Amino acid sequence: MPINHDTSFLTNLPQNFAIAFWERVEASGPREAFRYPRGEAWESVTWRQAGDRVRELAAGLLALGLQQEQRVGIASGTRYEWIIADLAVVCAGGATTTVYPTTGGADTAYILGDSESRIVFAEDAEQLAKLQEFRDQLPELSKVVTFDASLADGDWVISLDDLAALGETYLGEHPGAIEDVAKQIQQDQLCTLIYTSGTTGKPKGVRTLHRGWVFEGAAIKAQGILNEDDLQFLWLPMAHSFGKVLLSTQLACGFATAIDGRVDKIIDNVAIVKPTFMGAAPRIFEKAYARIVTMTASEGGLKEKIFNQAFAVGTKVDELTLAGKSVPLPLKLQHGLFDKLVFSKVRDRFGGRIKFFISGSAALNADIARWFHAAGLLIIEGYGMTENSAGATVNHPDAYKLGTVGLPMPGTEVRIGDGGEVQLKGPHVMAGYHNRPDATAEAFTEDGWLRTGDKGELDADGFLTITGRIKELFKTSGGKYIAPPAIEAKFKVLCPYVSQFMVFGAERNFVSALITLDPDAIAGWAAENGKAGASYTDLVRDPAVLEMVGGYVDELNGQLNRWETIKKWQLLDHDLSIESGELTPSMKVKRNVVESNNKELIDSFYS
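The shown structure was predicted, so the numbers you read here are calculated from the model rather than taken from an experiment.

A. Focus on the overall build of the protein chain. Summing up its helical and strand segments, the protein chain has 21 helices and 25 strands in all. Relative to the 2.2 N^0.38 estimate, which gives 25 Å for 607 residues, the radius of gyration of the protein chain is 25 Å and therefore close to what a compact globule would have. With respect to the three principal axes, the spread of C-alpha positions in the protein chain is 75 × 60 × 55 Å. Here the protein chain, with 607 residues, has 54% of them falling under the buried criterion. The positive charge centre, built from 60 side chains, and the negative charge centre, built from 78, are 5 Å apart in the protein chain.

Here it is, written out as structure tokens:
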């Protein structure tokens, strides 16, 4: 199937995100829009029901005095109420300010204060406590709407139902108010203020516009890869732009979405929900890969031999197929047998109906993508950043190159600038950083292209490959350039017990590494090796674990250039986490924080 580069859809876009939602409600009224867990069961909501709830809540916000482009915060994990609250803000003409539920109280206060948020939706007692603690720093905040009705006090804190009741009264007096607001919203009006979690400094508020989100959904719809009959499983943080672009895609295409933001429930949920596609960060695919590989290894014997042979055959078939070569009959027959014995069981772990996964927010390990592909599970990788409403390039199920982030979406321009920097232009690019004119100026080239800070290459067919963050590339004292992401990715394929592998050595005479282990995976290893119940800290000091990890480091070094090899390394006594401040909420490593926290250890490698 040829890729659609036609940009004629740009002439017929909805004027704004609110109208995009109301058009979907009108077109798909009785069809399922969302489902979410209630106890052990899943509850379903139609587009019409969702529209009725959004209308009431939007009118409630108008009753509270919300004006065009005024900010409303949402401090919550991913759940149905998050999406309904966001749509209500947009349909009232406001702009959503997103706050991760893991964000500390001081940073939450900074984000809500900097954005001048007038109203905040708070998920639970934990989020409400942050607002109460820093209330004196939030003079603009007049009302909190909680998803937990038991926390409402009828004054500063009200429930969703209280807000809906205000809306009903308001609509009785102003019956056409919501329609009037939708017509007034301009395409260049502020829609969302997303504070980038960033790996350095204070978060910056990215001003994303209505035209950006409308464009994103329409551009993906134009590719013809999703339709009303698809079913998405959504767990990604809605405070992140990746979650928001999936919502814009849903409005454009009309499929239903099952929502549950609990990360520990992802694998269980997909088996129950049986989605046709799901978006995820690479860490989810890494964990699933490691879990399947280590479980099979623990069973050993004939089952492990069959498993390994299956993937050897699957990989060979893939190499031939992707190269446009025919598969010899004996290999084809073996592949058919292994598909029944092994690959079908891997696919069943994800519900058995997956057409493709979408990977974004960080670089996907190409070898892990190939492993999934051998099992009949396609991961199409895309690329973008909050500053361009999340999506700039994406692979297509019928035209993809594993290891690349695909082709520019229709309507998006991509070029490689000075120093190999990827630069972007299109309707999805931000208006700038909130209250940060200097940072905004730095984000653009003199001729108006968005500077991504990523180093990349475009091949002859137009596929983009990202080779790393420019600021993460370093040079050893011997003058050799090192690309940490490439080395780190190799190790994650070799060692199924690793969580994070971080390479250092800027201006040093050799390369070193800090390693953390996946707590679940190493606990499984411990149970199989007579060390069940041992703590994580004890395990990372255990000589047998050190020997096991050392074997994988040696294997890695055998695949690297001499100047890239890891001369010294150490296991940390804890895994990195969002709570420790060493991971961003989108699970990217804050390399500078890890380096600072372990400065003495890293220095000792070179003393």
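Now that the structure has been shown, the text picks up again.
B. Layout of the pattern of salt bridges. A full pass over the atoms with the stated rule returns 33 salt bridges. Where Lys355 meets Asp230, a salt bridge forms, and the shortest distance between an N and an O atom there is 2.9 Å. Placement of the pair is Lys355 in the loop between helix H13 (329–348) and strand S13 (356–359) and Asp230 in the loop between helix H8 (210–221) and strand S10 (231–234), with a sequence separation of 125 residues. Classification of Asp230 as buried rests on a relative accessible area of 5%. Among the salt bridges present, the one from Lys287 reaches Asp518, with a minimum N-O distance of 2.6 Å. Here Asp518 lies in the loop between strand S24 (511–517) and helix H17 (519–528) and Lys287 lies in helix H11 (residues 282–299), a separation of 231 residues in the sequence. Taken together, the shared-partner salt bridges in this structure form one network comprising Arg283, Glu286, Lys287, Lys492 and Asp518.

C. Layout of unusual backbone geometry. The phi angle at Glu116 is positive, at roughly 55°, despite the residue not being glycine. A residue is classified by how much of its surface remains accessible, and Glu116, at 32% relative accessible area, is partly exposed. Of note, Ser389 is a non-glycine position whose phi angle comes to about 60°, a positive value. Along the polypeptide, Ser389 turns up in the loop between strand S14 (379–383) and strand S15 (393–394).

D. Here's a closer look at the nonpolar core. Among the nonpolar cores identified, the biggest contains 117 residues, and Phe17, Phe21, Leu61, Ile83, Phe121, Phe350 and Phe372 are the most heavily contacted of them. When residues of this core are assigned to their parent elements, the largest contribution, 10 residues, is made by helix H3 (residues 80–91). With residues up to four places along the chain from it excluded, the contact list for Phe121 reads Leu61, Val72, Gly73, Ile74, Ala75, Ala85, Val89, Val145, Phe147, Leu160 and Leu163. Among the nonpolar cores identified, the runner-up in size contains 30 residues, and Ile482, Val511, Trp525 and Ile566 belong to it.

E. Representation of the sheet that holds strand S12 (residues 277–280) within the structure. Reading across from one edge, S2-S1-S11-S10-S12-S13-S14-S15-S16 is the order of the 9 strands in this open sheet, with mixed pairing throughout. The sheet is open, and its two edges are formed by strand S2 (41–46) and strand S16 (407–408), each paired on a single side. Direction of pairing for strand S1 (residues 32–38) relative to S2: antiparallel, over a ladder of 6 bridges. The residue of S2 that forms the bridge with Glu32 is Thr46. Set on the sheet, helix H9 (residues 241–253) makes contact with S1, S10, strand S11 (256–259), S12 and S13; between it and S12 the angle comes to about 155°. Packing of helix H10 (residues 266–273) onto the sheet brings it into contact with S1, S2, S10, S11 and S12, and relative to S10 it is tilted by some 165°.

F. Layout of the side chain of His428. Along the chain, His428 turns up in the loop between strand S18 (421–425) and helix H15 (437–442). Among the polar contacts listed, one links the side chain of His428 to the side chain of Thr412, at a separation of 3.0 Å.

G. Expanded view of the side chain of Ser241. Inspection of the secondary structure puts Ser241 in helix H9. Ignoring any residue separated from it by four or fewer positions in sequence, one finds Ser241 in contact with Ile194, Trp213, Met385, Thr386 and Ala390.

H. Layout of the packing of aromatic side chains. One pass over the full model with this rule turns up 20 aromatic pairs. Relative to Phe501, the ring of Phe491 lies with its centre 4.2 Å away and its plane at 20°, an arrangement referred to as stacked. In this pair, Phe491 is assigned in helix H16 (residues 484–494) and Phe501 in strand S23 (residues 498–504), connecting sequence segments 10 residues apart. Taken individually, Phe491 and Phe501 each receive the classification buried, so the pair is uniform in this respect. Each residue in the set Phe285, Tyr289, Phe307, Phe311, Phe343, Phe350, Phe357, Trp371 and Phe372 is aromatic and connected to the rest through ring pairs, giving one cluster. Over the ring of Trp156 we find Arg135, and its NZ or CZ is 3.8 Å from the ring centre. The positively charged end of Lys480 is found above the aromatic ring belonging to Trp563, 4.3 Å away from the centroid.

I. Looking closely at the pairing of S1. Here S1 folds back onto S2 in antiparallel fashion, the turn holding 2 residues, of which Gly39 has a positive phi close to 70°. Judged from the 2 bridges that link them, S1 and S11 form a sheet pairing that is parallel. When the bridges of S11 are listed, Phe34 appears paired with Thr257.

J. Highlighting the environment of Glu168. Along the polypeptide, Glu168 turns up in helix H6 (residues 160–173). When the C-alpha atoms of Glu168 and Ala63 are compared, they prove to be 9.6 Å apart, with 105 residues separating the residues in sequence.

K. How the structure looks around the state of the cysteines. The tally for this structure, following the rule as stated, stands at 0 disulfides. Here Cys91 is not disulfide-linked; the sulfur of Cys191 is the nearest cysteine sulfur, at 9.5 Å. On the accessibility criterion, Cys91 (1% relative accessible area) is buried. This cysteine, Cys253, is not joined by any disulfide, and Cys191 carries the nearest cysteine sulfur, 18 Å off.

L. The arrangement of helix H2 (residues 47–63) in detail. The end-to-end C-alpha distance of H2 is 24 Å, a good match for the 24 Å that 17 residues give at a rise of 1.5 Å each. Of all the positions in H2, only Trp47, Ala50, Gly51, Val54, Leu57, Ala58, Ala59, Gly60, Leu61 and Leu62 are classed as buried. Taken from the residues just after H2, Gly65 is the one with a positive phi, measuring 95°.

Procedures and definitions
Residues numbered from 1 in each chain as written. Predicted model: local features only at pLDDT ≥ 70, side-chain atom pairs only at ≥ 80, totals over all residues. Heavy atoms only, no water. Helix = DSSP H or I, 4+ residues; strand = E, 2+ residues; numbered from the N terminus. Rg over C-alpha atoms; globule rule 2.2 N^0.38 Å. Buried < 20%, exposed > 50% of the residue type's maximum accessible area, 1.4 Å probe, protein only. Lys, Arg positive; Asp, Glu negative; His and termini not counted. Charge placed at Lys NZ, Arg CZ, Asp CG, Glu CD. Salt bridge = Lys/Arg side-chain N within 4 Å of Asp/Glu carboxyl O. Core = buried A, V, L, I, M, F, W, Y, C linked by side-chain atoms within 4.5 Å. Contact = heavy atoms within 4.5 Å. Pairing = 2+ DSSP bridges. Axes fitted to C-alpha atoms, helices over the stretch in contact; angles between N-to-C directions. Polar contact = N/O pair within 3.5 Å; in protein donor to acceptor, adjacent residues only side chain to side chain. Phe/Tyr/Trp six-rings, centres within 6.5 Å; stacked < 30°, edge-to-face > 60°. Lys NZ or Arg CZ within 6 Å of the ring centre and 35° of its normal. Disulfide = S-S within 2.5 Å. Expected span 1.5 Å × (residues − 1).

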